[in-house]
Amino acid sequence: MFRLILICSIFFGYKNNEVPMTAGTNLSKDTGFTYLALGDSYTIGQSVPESDRYPVQAAKLLRDEGVAVADPVIVARTGWTTDELSTGIQEAGITGTTYDVVTLLIGVNDQYRGRAVEFYKPAFTLLLEQAITFAGGHSDRVVVLSIPDWSVVPYAEGKDRQEISEKINAYNNANRKIAKKMKVHYIDITPGTLNAASDPSLVASDGLHYSGKEMAFWAHKLADTLKGILH
């Protein structure tokens, strides 16, 4: 049996004393391929309805095309860094090697807190190794998504937007190289997130996160990749 684990908080405002919330329905293997999504606020879909979260949208797109996929198991919390995601996985009790596909999108909060890319690299590598383990040791069943560039959203007003963008690019260069080395799939969603500079409908109501409309673009790219994996 699998649970849909939804762990929520506030983006860039993580508090160590906050307790993750768990909710969802029980699922069986009979419902289709299993999907584990690991990440932070982008994965949990801060400030958007549950149905707009990109893992949920991707699963629906696959089902609409006749690919039986269970509701995604999501382990993510707004504000999580790489090390906090690692701790969150342990606390959520995610174990085993039985997931058909696993996705990973993490790093924006490491960047926001001013951590050097050299700190991010080993932490991201460990998480990716864990993701591969969850996928039964099959690296070709793991997908890494790049970190969105939040320098263009309203929340970045008054901050050094160019510096933010440069640091996000450095983080993505690192996770891309690690993903290639470990032979997992990589989806670059970052260029599309820059469109939020001229299209407010791509930004969520909080002025920081991305809307369900933007996440739909991520979901379509992800669904195409997952379809190839699961077929």
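Scroll up to find the structure this text is about.
Just so it is clear, the structure is predicted and the values come from calculations on it, not from any experiment.

Chemist: Explain helix 5 (residues 117-134) to me, please; I cannot follow it from the model alone.
Modeler: For an α-helix, the turn length of 3.6 residues means that residues three or four places apart are oriented alike. Its 18 residues give helix 5 an end-to-end C-alpha distance of 25 Å, which sits within 8% of 26 Å, the value for a rise of 1.5 Å per residue. Residues of helix 5 that are buried: Tyr120, Ala123, Phe124, Leu127, Leu128, Ala131, Ile132 and Phe134. Turning to helix 5, the residues buried within the fold contact strand 3 (35-39), helix 3 (82-92), strand 5 (101-105), helix 4 (108-112), strand 6 (142-145) and helix 6 (161-181). In the segment just after helix 5, Gly136 is the residue with positive phi, at about 70 degrees.

Chemist: Help me understand the packing of aromatic side chains, please; the structure alone is not making it clear to me.
Modeler: The relative placement of two aromatic rings is captured by the distance of their centres and the angle of their planes. One pass over the structure, following the stated rule, counts eight aromatic pairs. Aromatic side chains Tyr54 and Trp218 sit 5.8 Å apart centroid to centroid with 65 degrees between the ring planes, which places their arrangement in the edge-to-face category. Here Trp218 lies in helix 8 (residues 212-230) and Tyr54 lies in helix 2 (residues 54-64), a separation of 164 residues in the sequence. By the ring-pair criterion, three or more aromatic residues cluster together here, those being Tyr42, Tyr54, Tyr210 and Trp218.

Chemist: Sorry if this is basic, but what is going on with the pairing of strand 5 here?
Modeler: Regular strands show a simple pattern: their side chains alternate between the two faces of the sheet. With five of five residues buried, strand 5 is to be regarded as a mostly interior element. Alternating positions in strand 5 separate into two faces, Val101, Thr103 and Leu105 on one and Val102 and Leu104 on the other, with burial throughout. The sheet contact formed by strand 5 and strand 6 spans three bridges and is parallel. Bridge pairing in strand 6 places Leu104 opposite Val144.

Reading the values: the criteria
- Residues numbered from 1 in each chain as written.
- Predicted model: local features only at pLDDT ≥ 70, side-chain atom pairs only at ≥ 80, totals over all residues.
- Heavy atoms only, no water.
- Helix = DSSP H or I, 4+ residues; strand = E, 2+ residues; numbered from the N terminus.
- Expected span 1.5 Å × (residues − 1).
- Buried < 20%, exposed > 50% of the residue type's maximum accessible area, 1.4 Å probe, protein only.
- Contact = heavy atoms within 4.5 Å.
- Phe/Tyr/Trp six-rings, centres within 6.5 Å; stacked < 30°, edge-to-face > 60°.
- Pairing = 2+ DSSP bridges.

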